[in-house]
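# Notes for the structure review
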Amino acid sequence: QVQLVESGGGLVQAGGSLRLSCAVSGRTLSNYAMGWFRQAPGKEREFVAGINWSSGIILYTDSVEGRFTISRVNDKNTLYLQMNSLKPEDTAIYYCAGRRNRFIVTRDQGTYDYWGQGTQVTVSS
């Protein structure tokens, strides 16, 4: 029913920028809180950013605060992650996720109900 498809990953040099997109189909985006997670080789998947249904609550992990911006355009059923000033430690597979409780944002991947397949981001130095 609910499908999430990430795009926009790629190879970029340190200091560069990428914009990730997550297209949601099957349901209306405004029914869900959304989040971005990432997983680097040999590491656990971690929370990156989250946004509730109305964009009234936005959270970031400390390591990306001030560099990344999460946003959503509900009328387009699309979630975005603008990534600036990228660092090699940002290299990971990035996943978008949806949560049926649309009013709050959490950092725990176990609280999200729907997941995309991920898009690779590689930052060279």
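Just so it is clear, the model here is predicted, and its values are computed rather than measured. All residue numbers refer to positions counted from 1 along the written sequence of the respective chain. It should be noted that, the model being predicted, local features are given only for residues of pLDDT at least 70 and side-chain atom pairs only at 80 or more, the latter also being counted only at that level, while totals for whole chains, interfaces and linings use all residues. Side-chain metrics rest on all non-hydrogen atoms present in the structure, leaving aside hydrogens and water.

Attention shifts here to the side chain of Asn 52. Labels follow the DSSP assignment, with helices taken as runs of H or I lasting at least four residues and strands as runs of E lasting at least two, numbered in each case from the N terminus. Relative to the assigned elements, Asn 52 resides in the loop between β5 (46-51) and β6 (58-60). We classify Asn 52 as buried; its relative accessible area is 4%. Polar contacts involving the side chain of Asn 52 include one to the main-chain amide nitrogen of Ile 57, which spans 3.0 Å. Under the rule applied, a polar contact is a pair of N or O atoms within 3.5 Å (in protein, one hydrogen donor and one hydrogen acceptor; residues adjacent in sequence only if both atoms are side-chain atoms). A polar contact of 3.4 Å, which involves the side chain of Asn 52, links it to the backbone oxygen of Phe 103. For this analysis, residues touch if any pair of their heavy atoms sits within 4.5 Å. When neighbours within four sequence positions are excluded, Asn 52 is seen to be in contact with Ala 33, Ile 57, Arg 72, Arg 102, Phe 103, Ile 104 and Val 105. Here the term buried applies to any residue with accessible area under 20% of the maximum for its type, exposed to any over 50%, and partly exposed to those in between, with areas from a 1.4 Å probe on protein chains only.

Before going further, it helps to examine the sheet that holds strand β1 (residues 3-7). Strand pairing is assigned whenever DSSP identifies at least 2 bridges connecting the two strands. Taken in spatial order, the 4 strands line up as β1-β3-β8-β7 in an open sheet, and their pairing is antiparallel. A single partner strand is all that each edge strand has here, and the edge strands are β1 and β7 (68-73). The mean angle between the axes of side-by-side strands here comes to 15 degrees, regardless of whether they run parallel or antiparallel. When β7 meets strand β8 (residues 78-83), the two strands line up antiparallel, connected through 6 bridges. For Arg 72, the partnering residue across the bridge sits in β8 and is Leu 79. Here an axis means a line fitted to C-alpha atoms, over the contact stretch when the element is a helix, while the angle between two N-to-C directions is reported on a 0 to 180 degree scale.

Paired rings are identified among Phe, Tyr and Trp, the last through its six-membered ring, by centres lying within 6.5 Å, and are further divided according to the angle between planes into stacked (under 30 degrees), edge-to-face (over 60) and tilted (the rest). Evaluation of the coordinates by the stated rule reveals 6 aromatic pairs. Seen from their ring centres, Phe 37 and Phe 47 are 5.6 Å apart, and the 75 degrees between their planes marks the pair as edge-to-face. With Phe 37 in strand β4 (residues 33-39) and Phe 47 in strand β5, this residue pair connects regions lying 10 residues apart in the sequence. Judged by relative accessible area, which is 0%, Phe 37 ranks as buried. On the numbers, 5.1 Å between centres and 80 degrees between planes, the contact of Phe 37 with Tyr 112 is edge-to-face. Residue Phe 37 is found in strand β4, and its partner Tyr 112 is found in the loop between β9 (92-99) and β10 (114-115); the two are separated by 75 residues along the sequence. Among the aromatic side chains, those forming a connected cluster through ring pairs are Phe 37, Phe 47, Tyr 112 and Trp 115. Sitting over the ring of Tyr 80, Arg 19 keeps its end group 3.9 Å from the ring centre. Only when the NZ of Lys or the CZ of Arg is both within 6 Å of the ring centre and within 35 degrees of the ring normal is a charge said to sit over the ring. A cation over a ring is seen here: Arg 102 above Trp 53, with NZ or CZ 4.4 Å from the ring centre.

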